[in-house]
Structures are given as C-alpha cells and as structure tokens.
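A look at the structure
Spelled out from the first residue to the last, the chains are:
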Amino acid sequence: MRTNHIYAFVFAVITLASCNSFLDVEPRDKFIDDPDFWGSENMVASYCNYFYSSYAGYGQAGDYGDFYFTSLSDDQCDPNFENWTFTSVPGSSSQWSSHWTEIRRANYAINGLAASGMAVDKQAPYLAIARLNRAYHYFELVKRYGDVQWQEVVVMSADPKDTYVQGAREDRDVIIDKVIDDLDYAIAHLNGTDKTSFTKDMARAMKADVCLYEGSYCKYRTLEDNGKAADLTRANKYFQLCADVCEELMPNYTLTPEYGTIYNSIDLADNPEVIFMRKYVKDLVGHSTVDYTRSSTTQRGITKDAIDAFLFLDGTEASAHPGEDKPELNFNNYTLNTMLAKRDKRLAVLIDTVACFRGHTWSADTIAQLAEMTSSTGYTIHKYDNPALGDKIYRNEIGKAYTDAPIYWLAIVYLNYAEAKMELGSGTDSDYDNSINLLLARAGFTGYKITTASDIEQIRRCRRCELMTDKGYRYWDLVRWHQLDKLDTNLHPDIVAGAYLQDVPDLDATVTLQDGYLRGIAPSANRTFDKKYYFYPIPSEQVTLSGGECRQNPGW
C-alpha cells in the first residue's frame, strides 16, 4: 500500500506540475471563487500535493538541488569563484518572487477552503498543509530579507501594480511569530506517517529549525549590522520552543548505524532516521547530484578550512598535527587514506580517498568507466554516490540518479536540541548523551564527547561536520550566529584553499598554491564582507511598484 502511494504521489506531482494550469494562476484571476473545486476533496488533495515541489532535495532532471550546490560557505570553493548572492540591487529576483508565488498558492487554498462549504473536520488537514507551506516560505523570506509583508488574502485586482506584494514591510519578529502559529496549527491537525507526505513530525522538524534559527539570530544580532538589537528574552523563548519540540520528535526515530546512509540510499522509506524525504524513481523521476559529483566538470571542492574542522579521533584539533594532511603518492595518485584513518569518520564519507586536481585526474570507478574527476581544492565529494545505482548512466549522466533525498532527519533534530539546551544553559550530560553524543559516537569518537563543561563552539563544530554540503545549513548558521564575516576570503584565506600540493613534482602550470596548499580560485578573486550582506536587497521593481511603501534594506 505504501509503495503504491509513493508512486501515485510522484506521478501526481509530475502531472500537476506540467498539465494543470490552475497551479500557476495569476493573482488577479477568479479561480479562488470556484466553490466546486474547493468543495472537492480529490481536487484539493491534488492541489496540496503540488507543495511537495518546494522541497528540492537533490533537484529534478538537470536542476540543482539543496545538497552540494548551495556552496556559498566556508565549506566549499566554487572553481568559478562564488561571490555574495547579490553585490548590487537586482531589478527582479526569483529569491524574492518564488517564495511569494508559493505563499499566494497557500493563501488560495486557505481562502478557498474557508468559502467552500466543506465540513470543518474535512478542511483541517488541507488547511494544515497550506499553513505549513506558507510558514516555510515566509521563513525563507525572513532569512533573506528580514522585514517582509504579511499576506493572508490573494490579490484579486486587475491593476498590474497590485500583482506585486502590497503594503509596507512588517517587523521580522512579528512575521516569525505568525510562522510559528501556522506551524502549530499544522502540528495539531496533520496525521499519518508516510515520509513523502506532510505529517505532524515533519511540521515539528520544521518548527525546530525555525525556532533554533530565531533564538540564535535574536541573541547575536546587533543594532548596527541588523537594524535591531539583541533580545535575550525572545532568544531564550525560542531556544526553549526548539528544545521542547525536539523532545517530542526524538523518541520517534533512531539513528542509522553508519553516517552517510541517508545520503545515497535507493529507498529511504523505511529508514528509521528519516522524517521527511523526496522520492525518486528509476527512469521516471531522477536527479543530477550524483553526476555533478562524479563528472569531469571541476567540482566545488571541500576547503582546507572545512577539512580542519574534523577532529582527530582522540579529540584533538588539526593544528595539533602539523603535516598530517599531506597526500601520499601511490601509483600516480595522491591518496588521503592515512589522514582519513585518523580523523572523524564523517570525513571519510564526505570526500574521496584520492586528491585529484588539474594534471592529476582520477576516476572513482574505472570498472563503471566513470569520468576522470578534478576538484577546485583537490578534495572531491563522495557522500552522494552509490555504486548500487547500476550502470554508468545512473551515476554519470544528467537527471538519471534515483537515490532518495532526505529533507528532515534525526541528526538535525539532535543537533538543534543540543545547541538549544547549551544556549539556554539548561543542558545536562544526559541531554547531550541522548542527542549529539550519539552522533559523535557514530563518527568514531570514544573518549571525546559534549558535556556540560563544553562550550558552544564544540556543538557548532559537530554541526558543521555532520551537515557539510547539506541544504545550505552552513551559510544560514553563519548568519544566525552573526559570523558571516567568516566568508571573507581576505580574512580567512583557508576557505579558498585545499589539499597540500607543495611536494608535488611537475605541478601543472595552471595550478596556484597558497602557502603550499592548492588555491581553489584565481589569485585575483576575493570575497570581501560588508554588513549589508546580512540581508538580500529588495528587487528594485518591488520598491518602485510599491510606491515607496516597500523600503530597501540598509546599505543597498
């Protein structure tokens, strides 16, 4: 029954995305006034299925997903040089408009159901889905833009000006409070356990993410950089909400024995760690994340800064082991096995065992005839590949991989919980033993763990290593911790450095070294921090068409 549901669900998403014009209605149309549609459970259920497409997972066909590609961080280095998302004000931007489109879609459902005459108990699960997804997209907007307009109705005016978001922007704190109201409604009215469906636990996991973000953002923000001073009372309220909802979630799931299993599985439906996932089906719905990490296109490699975040298994930092990151020449390949054997086991899942760079390409699977790879930093990403996909076509071609993508899973809940408890100052050794220390044990640590004597940086380090290249978490963690200046390449040169290649003879002339380490971008390329980057700029079209009501963010 479950399998049939998954296939039907995937088919519904594809069909709705391509065939049903009502899913892309303009804000001034009259579709919302059709009581026959909103009174039909089948039609409303089909409409709500479309919200699933908001969760990109590994993407679809050749589209980029939320893993590997969100590389604006100190963990990865784009060989083409990745500057800030915006360095000038755009006329328009999908970072703004795409979220408003989905908020409008949610409001269609909320308003349509209210006028439909459908029984209240029948409406509730669909209202819950709509409100959950409205909450998700508002959270994404607030992270990027700060203050935004709150909209609960669909714009019906024929005036083109009104197809843009109306009114002045509201305080971001107020918006987040409303996001939590929507999520609490979803938690109260959703049911079921299917991991490709919207459930109570999926809403709880989303709430945990929102609350941790809000707690730390409000604790660490500054009036000068964020336009609003820190608010410790609000921060602690949200840290507590995060801890509470994590405690509701944690008993329902268990960790898989080995780190990495959830990233390269052909079927996550029965994985005990996964809360919500995106399903892929062989030869029907595929993605390109495996191909982009196995192809001849130069990878967005893992940085020296990121490698150094992984502790040695005795709990000591990389700085205590100078020279132990040097690759070793082995039959024309520069292997990393010695380093990997001594480090946090998550590192050996994240990267390949060979450093490959211009002049020293390497294939992850010569039997399958996979492409010869290079990386901007020499460190290539391994964690998404699965030889069990079969023929080369499914590992080395655009849109063909069919491994499932996790969206929310237990490790994130453990990390959220431990951080919230540490920030509150209320965490006990038992709290950490039952959450983050389970992750450290899985990573191979025996004598090192988090205790009440630990500091917040140890939890942040574990989070970085556990979620590296996952869903853009690292970038947004730096924003909420008020540490976005860590992406300044002048201040932190190791975020564009990679493998140690000083001892490589006859190094390719196009390879640039930086203190003996491969520099992943051109010598002249640099990214300089400015406090305005804590917010994205409002698109100029929106500012103009609002008649000045929607003001631009500071510094832009």
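Our structure is the block above this text.
Source: prediction; values computed, not measured.

Notes on the overall build of the chain
When helices and strands are counted, the chain shows 19 helices and 12 strands. Overall, the chain is about 75 × 55 × 50 Å in size when its C-alpha atoms are taken along their principal axes. In the chain, which comprises 556 residues, the proportion classed as buried is 59%. Pairs at least 24 apart in sequence give 73% of the contacts found in the chain among residues at least 6 apart. Here the chain has roughly 21400 Å² of accessible surface; of this, 50% comes from carbon and sulfur atoms. With 55 positive and 78 negative side-chain charges, the chain shows a spacing of 1 Å between the two charge centroids.

Overview of the packing of aromatic side chains
Tallied over the entire structure, the rule returns 40 aromatic pairs. For the pair tryptophan 38 and tyrosine 47, a centre-to-centre distance of 5.1 Å together with 70° between the ring planes defines the contact as edge-to-face. For the pair tryptophan 38 and tyrosine 47, one class covers both residues: buried. Ring plane angle 80° and centroid distance 6.2 Å describe the contact between tyrosine 47 and phenylalanine 51, whose orientation is recorded as edge-to-face. A single burial state applies to tyrosine 47 and to phenylalanine 51, both of which are buried. Members of the aromatic cluster, connected to one another through ring pairs, are Phe86, Trp96, Trp100, Tyr138, Tyr145, Trp150, Tyr475, Trp476 and Tyr536.

Structural notes on the pairing of strand 2 (residues 274-278)
A regular strand places its side chains so that they alternate between the two faces of the sheet. In terms of residue burial, strand 2 counts as a mostly covered element, since five of its five residues are buried. Taken together, the four bridges between strand 2 and strand 9 (residues 405-409) define a ladder with antiparallel strand orientation. Across the sheet, phenylalanine 276 pairs through a bridge with tyrosine 408, a residue of strand 9.

Focus: the environment of lysine 383
If you trace the backbone, lysine 383 turns up in the loop between strand 8 (372-373) and strand 9. Considered as a pair, lysine 383 and tyrosine 68 are 315 residues apart in the sequence and their alpha carbons are 9.9 Å apart. Here lysine 383 is in contact with Tyr259, Tyr263, Asn264, Val349, Leu350, Glu466, Met468, Thr469 and Asp470, once residues within four sequence places are set aside. A polar side-chain atom of lysine 383 sits 3.2 Å from a polar atom in the side chain of tyrosine 259. Here the side chain of lysine 383 touches methionine 468 through a polar contact of 3.0 Å, landing on its backbone oxygen.

Observations concerning the pattern of salt bridges
Applying the stated criterion across every chain, the model contains 48 salt bridges. The salt bridge partner of arginine 105 is glutamate 102, with a shortest N-O separation of 2.9 Å. Placement of the pair is arginine 105 and glutamate 102 together in helix 4 (residues 94-114), with a separation of three residues, close to one helical turn. By relative accessible area, arginine 105 is classed as buried at 3%. One salt bridge connects lysine 304 with aspartate 308, and the closest N-O pair in it is separated by 2.8 Å.

Quick word on the environment of tyrosine 47
Relative to the helices and strands, tyrosine 47 resides in helix 3 (residues 41-49). You can call tyrosine 47 buried: its relative accessible area is 1%. In sequence terms tyrosine 47 and tyrosine 126 are 79 residues apart; their C-alpha atoms lie 9.5 Å from each other.

With respect to the nonpolar core
Leu132 and Ile351 are the most contacted members of the largest nonpolar core, which totals 156 residues. Among the elements that take part in this core, helix 5 (residues 120-145) stands out by supplying 14 residues, more than any other. The residues contacting leucine 132, other than those within four sequence positions of it, are Tyr55, Leu183, Ala186, Leu190, Phe198, Met202, Ala203 and Met206. Grouped together as the second largest cluster of nonpolar side chains are five residues, Cys77, Ile495, Val496 and Ala525 included.

Description of the sheet that holds strand 11 (residues 513-514)
The three strands lie next to each other as 10-12-11, forming an open sheet whose pairing is antiparallel. Strands at the two margins of the open sheet, each flanked by one partner only, are strand 10 (497-500) and strand 11. Inspection of the sheet shows strand 10 paired to strand 12 (residues 517-519) by two bridges, in the antiparallel sense. Counterpart to tyrosine 500 in the pairing with strand 12 is tyrosine 517.

Quick notes on the environment of threonine 193
With respect to the helices and strands, threonine 193 occurs in the loop between helix 6 (172-189) and helix 7 (200-220). Taking relative accessible area as the criterion, threonine 193 reaches 75% and is therefore assigned exposed.

What to know about the side chain of arginine 519
Looking at where arginine 519 falls in the secondary structure, it is placed in strand 12. Despite its burial, arginine 519 pairs with no opposite charge, the nearest such side chain being aspartate 494 at 8.9 Å. At 2.8 Å, the side chain of arginine 519 forms a polar contact with the backbone oxygen of alanine 525. The contact partners of arginine 519, leaving out residues within four places of it in the chain, are Ser376, Val496, Thr512, Leu513, Gln514, Ala525 and Asn526.

Quick look at the sheet that holds strand 4 (residues 328-330)
Across the sheet, which stays open at both edges, the three strands sit in the order 4-5-6 with antiparallel pairing between neighbours. Here the strands that pair on one side only, and so sit at the sheet edges, are strand 4 and strand 6 (354-355). Bridging between strand 4 and strand 5 (residues 333-335) involves three bridges; their strand directions are antiparallel. What sits directly across from glutamate 328, in strand 5, is threonine 335.

Rules of the game
- For every chain, the first residue of its written sequence is number 1, and the numbers climb from 1 along that sequence.
- Given that this is a predicted model, residues contribute local features only at a pLDDT of at least 70 and side-chain atom pairs are listed and counted only at 80 or more, while totals for whole chains, interfaces and linings are drawn from all residues.
- Side-chain numbers here rest on the full set of heavy atoms in the structure, without hydrogens or water.
- Under the DSSP-based scheme used, a helix requires at least four consecutive residues in state H or I and a strand at least two consecutive residues in state E, with every element numbered from the N terminus.
- For every residue, the accessible area obtained with a 1.4 Å probe (protein chains only) is divided by the maximum for its type, and the residue is called buried under 20%, exposed over 50%, and partly exposed between those limits.
- Contact between two residues is taken to exist if any of their heavy atoms lie within 4.5 Å; hydrogens are not considered.
- In this description, accessible areas are obtained by the Shrake-Rupley approach with a 1.4 Å probe, and a residue is regarded as covered only by the protein chains that are shown.
- When charges are counted, Lys and Arg contribute as positive and Asp and Glu as negative, whereas His and the chain ends are disregarded.
- The atom standing in for a charge is NZ when the residue is Lys, CZ when it is Arg, CG when it is Asp and CD when it is Glu.
- The criterion for an aromatic pair is that two Phe, Tyr or Trp rings (for Trp, the six-membered ring) have centres within 6.5 Å, with stacked assigned to planes under 30 degrees apart, edge-to-face to planes over 60 apart and tilted to the rest.
- When DSSP finds two or more bridges between two strands, those strands count as paired.
- Whenever two N or O atoms come within 3.5 Å, that pair is a polar contact, provided that in protein one can donate a hydrogen and the other can accept it, and provided that, for residues adjacent in sequence, both atoms are side-chain atoms.
- Salt bridges are counted wherever a side-chain nitrogen of Lys or Arg sits within 4 Å of a carboxyl oxygen of Asp or Glu.
- What we call a nonpolar core is a set of buried Ala, Val, Leu, Ile, Met, Phe, Trp, Tyr and Cys residues that are connected through their side-chain atoms within 4.5 Å.

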